Amino acid sequence: MRQRRRIPRLIGSLLLFATAGVAVGQTPAHSSSAAEPEVRPLGRIVPVPASVAPEGEPYTLTHATRIGVDAASRESKALGRYLAGLLRPATGFPLPVVDQAAARGGIRLRLSPEETALGDEGYRLRSAPEGLTLTAREPAGLFRGVQTLRQQLPAAVERKSVQTGPWKIAGGTITDSPRYAYRGAMLDVSRHFFTVDEVKRYIDQLALYKINTLHLHLSDDQGWRIAIDSWPRLTTYGGSTEVGGGPGGFYTKDEYREIVRYAASRYQEVIPEIDMPGHTNAALASYAELNCDGVAPPLYTGTKVGFSSLCVPKPVTYDFVEDVIREIAALTPGRYLHIGGDEAHSTSHADYVAFMDKVQPVVAKYGKKVVGWHQLTGTKPADGALVQYWGLDRTPAAEKERVAAAARNGTGLILSPADRTYLDMKYTKDTPLGLAWAGYVEVQRSYDWNPGAYLPGVPESAVRGVEAPLWTETLATTDDLDVMAFPRLPGVAELGWSPAETHDWETYKVRLAEQAPRFDALGIDYYRSPQVPWPAG
Ligand code: ACM
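A. The overall build of the protein, seen in detail. When helices and strands are tallied, the protein shows 16 helices and 19 strands. The C-alpha radius of gyration computed for the protein amounts to 23 Å, which stays within 12% of the reference 24 Å derived for 537 residues, consistent with globular compactness. Along the first, second and third principal axes, the C-alpha atoms of the protein reach 75 × 50 × 50 Å. Each of the 537 residues in the protein was classed as buried or not, and the buried ones make up 59%. Taking the intrachain contacts of the protein between residues at least 6 apart in sequence as the baseline, contacts between residues at least 24 apart amount to 76%. Only carbon and sulfur atoms are counted for the fraction: they give 55% of the accessible area of the protein, which is about 20,000 Å². Considering the protein, the positive charge centre built from 58 side chains and the negative charge centre built from 61 side chains are found 3 Å apart.

B. Inspection of the environment of Ala418 at higher detail. Mapped onto the secondary structure, Ala418 falls in helix H11 (residues 418–421). The class of Ala418 is buried, set by a relative accessible area of 0%. For Ala418 and Leu392, which are 26 residues apart along the polypeptide, the C-alpha to C-alpha distance reads 5.9 Å. The contacts of Ala418, once residues within four sequence positions are left out, are Trp390, Gly391, Leu392, Met425, Trp437, Ala438 and Val441.

C. Spotlight on the side chain of Gln515. Here Gln515 lies in the loop between helix H15 (505–513) and helix H16 (516–522). Beyond its immediate stretch of four places on either side in the chain, Gln515 contacts Val46, Gln151 and Tyr209.

D. Local environment of the environment of Met186. When you line up the elements, Met186 lands in strand E10 (residues 182–188). Taking the C-alpha atoms as reference points, Met186 and Val48, 138 residues apart in sequence, are found 22 Å from one another. Contact partners of Met186, with chain neighbours within four places excluded, come to His215, His217, Glu273, Trp373, Glu467, Ala468, Pro469, Leu470 and Trp471.

E. Structural context of the sheet that holds strand E4 (residues 97–99). The strand order across the open sheet formed by seven strands is E1-E9-E6-E7-E5-E3-E4, and the pairing between neighbours is mixed. Two strands lie at the open edges of the sheet, namely strand E1 (51–54) and E4, each paired on one side alone. Strand-to-strand, the axes of this sheet are offset by a mean angle of 15°, without reference to chain direction. With two bridges connecting them, strand E3 (residues 67–69) and strand E5 (residues 107–111) associate as parallel partners. Paired with Ile67 across the two strands is Ile107, which belongs to E5. Helix H2 (residues 74–91) rests against E3, E4 and E5 of the sheet, and its axis sits at about 150° to E5.

F. Broad picture of the nonpolar core. The biggest cluster of nonpolar side chains holds 101 residues, and the ones touching the most others in it are Val199, Leu216, Trp224, Tyr251 and Phe320. No other element matches the seven residues that helix H8 (residues 315–330) contributes to this core. If you look at the next biggest cluster of nonpolar residues, it comprises 35 residues, including Tyr59, Tyr82, Phe143 and Trp497.

G. Spotlight on the layout of surface pockets. For the second largest pocket, the calculated volume is near 920 Å³. Lining of the second largest pocket is provided by 35 residues; of these, Ala140, Arg144, Tyr267, Gln268 and Glu269 occupy positions nearest its centre. When the residues that make up the lining of the second largest pocket are grouped by side-chain class, the tally is 19 nonpolar, six polar and ten charged.

H. Highlighting the confidence of the model for the protein. Confidence along the protein averages 94 in pLDDT terms, with 93% of residues attaining 70 or more. Within the model, the stretch residues 1–34 combines pLDDT values under 50 with 48 contacts to residues more than four positions away or in other chains.

I. Representation of the packing of aromatic side chains within the structure. As enumerated under the stated definition, the model contains 23 aromatic pairs in all. Relative to Phe486, the ring of Tyr209 has its centre 6.3 Å away and its plane inclined at 55°; by these criteria the two rings are tilted. In this pair, Tyr209 sits in the loop between helix H4 (196–208) and strand E11 (213–217) while Phe486 sits in the loop between helix H13 (478–485) and helix H14 (488–497), placing the two residues 277 residues apart along the sequence. Like Tyr209, the residue Phe486 is buried in the burial classification. Linked through ring pairs, Tyr209, Phe486, Phe519, Tyr526 and Trp534 together constitute an aromatic cluster. Across from the ring centre of Trp497, 5.6 Å away, lies the NZ or CZ of Lys210, which sits over that ring. One Lys or Arg, Arg233, reaches over the ring of Tyr237 and ends 4.5 Å from the middle of that ring.

J. Representation of the state of the cysteines. In total, this model carries one disulfide according to the counting rule given. The disulfide partner of Cys292 is Cys311, and the gap between their sulfur atoms is 2.0 Å. Disulfide Cys292 to Cys311: torsion about the S-S bond roughly 100°, handedness right-handed. Of this pair, Cys292 sits in the loop between helix H7 (281–286) and H8 while Cys311 is found in the loop between H7 and H8, placing the two residues 19 residues apart along the sequence.

K. Fine view of empty space enclosed by the protein. In this structure the tally under the stated criterion is three cavities of 30 Å³ or more. Arg179, Tyr447, Glu494, Leu495, Ser498, Pro499, Ala500, Thr502 and His503 are the residues that line the second largest cavity. When its residues are assigned to classes, the lining of the second largest cavity shows four nonpolar, three polar and two charged.

L. Quick peek at the packing of H4 against helix H6 (residues 253–265). Close contact between H4 and H6 brings their axes to 10 Å; oriented N to C, the two are set at 15°. Here H6 runs roughly parallel to H4, going by the angle between their axes. Between H4 and H6 lies a crossing of right-handed hand. Residue-level inspection shows Val196, Val199, Lys200, Ile203 and Asp204 of H4 in contact with H6, the latter providing Glu255, Glu258, Ile259, Tyr262 and Ala263.

Reading guide: rules and limits
Residues numbered from 1 in each chain as written. Predicted model: local features only at pLDDT ≥ 70, side-chain atom pairs only at ≥ 80, totals over all residues. Heavy atoms only, no water. Helix = DSSP H or I, 4+ residues; strand = E, 2+ residues; numbered from the N terminus. Rg over C-alpha atoms; globule rule 2.2 N^0.38 Å. Buried < 20%, exposed > 50% of the residue type's maximum accessible area, 1.4 Å probe, protein only. Contact = heavy atoms within 4.5 Å. Areas by Shrake-Rupley, 256 points an atom, 1.4 Å probe, with all protein chains shown as cover. Lys, Arg positive; Asp, Glu negative; His and termini not counted. Charge placed at Lys NZ, Arg CZ, Asp CG, Glu CD. Pairing = 2+ DSSP bridges. Axes fitted to C-alpha atoms, helices over the stretch in contact; angles between N-to-C directions. Core = buried A, V, L, I, M, F, W, Y, C linked by side-chain atoms within 4.5 Å. 1 Å grid on protein atoms, 1.4 Å probe; cavity = no way out; pocket = protein on both sides within 12 Å on 5 of 7 lines; lining within 4 Å. Points joined across faces, edges and corners; volume = space filled by probe spheres on them. Nonpolar A, V, L, I, M, F, W, Y, C, P; charged D, E, K, R; others polar. pLDDT = per-residue confidence, 0-100. Phe/Tyr/Trp six-rings, centres within 6.5 Å; stacked < 30°, edge-to-face > 60°. Lys NZ or Arg CZ within 6 Å of the ring centre and 35° of its normal. Disulfide = S-S within 2.5 Å. Parallel < 35°, antiparallel > 145°, perpendicular 65-115°, else oblique. Left-handed = near helix turned anticlockwise from the far one by under 90°.

The following block contains the structure:
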């Protein structure tokens, strides 16, 4: 395992900037010499759009291009600025953001409430020599459409210095909206801590593939990462280390708000997870009174699971849990709080049920809905709860049936089968990073399954979507995150977004290969799976 750099946070972020500066213009490790087409065929992107109708000649971005927005809408203006910010560095064009009326012949971002068929995140992109128009009912739809526009341009548009162009977008119409409302990615910031800037970098990577939910695993045996004013030692002590004994870290409330704000600017909802009643050694080490025997265990920097439990019979446990839920709910504009519930191997079944029966109503009391790992179906999931299935092909049928029965009873499902979507699983036996308890997960395996028909006995309507978790027992740097998430993350994103009938590994792998120059331009390290026909490097 690579060692995380042991440097104070401020110096760390200065170094991060310095490194980013050096990286600009550098030849990336996987530089691709294969020429990209001057005009990418309409719809040859990831996730593949629902409907693509090529027609006529391309639109060309020039020095004179203006971005037209609805000047009366703050969100519309912010989207215009975001798009201009994406396109200016590589094109070198000024791209002023102006009112629609002044953007004739330019790129127009149109919010159109009467376009109800486009739903909450759908958009239409029309491209012709006379202009390019993105239309959506909601700002989130315009944001997803901007990602499509971006991917239709040559990958060099992602570079931070001026490139030659030309900058053409194929002519025609894309009409697109997601298969699932929930398209998530989880980042474990407990096993190794990741700074606000590192989380923002991941948020931007997720945005490119139309992910709309960032699940943050904020507490575990190895570290508590979010400030709780009423229990300050959770972070000052419980956040002071990580796997391997590094310095750990935590988010102040303001830093956490900054993550939530940044995610919202990318139309991502943050779901904070406080894992309970297991995976709680960092809390138990911070406060002796939370332990049944009143003795605080030492901090833990290994990678075992299942050895810790909150003390279910003690009243103070529920004071603690309520304080934490109240403070986290107050930091959360989103609808959900994830309460974990996995691998509670040191909690008896009766205690587990008693605990969840007491804790789920506390989440509701503070105005949020419960998300839990699928072991929550061993109890009675609260009304409106979502459960996150993380089993395997070989998971016993009885366990799958318990989840299916909950789904038939109205509990929503998020599918994160570990032997498909866990981004921390090794690709092959030779992958240097990652774990293998769920098996090896090559790129085809992670893409080639149907969430709608995955678990027997689950009504398709119960499936709210998919999520790709990234656990960090072995991952300490953003390069480590990159090489495990890429290229599997775009495939899970496509499973969440694109219609079932577009699902096809043979065509997907070609579109995925075409993302390689974009990964390079963005400085994303990725695994060059032999299953994917990458351009010659
Ligand atoms: C899990 O992987 N323990 C949810």
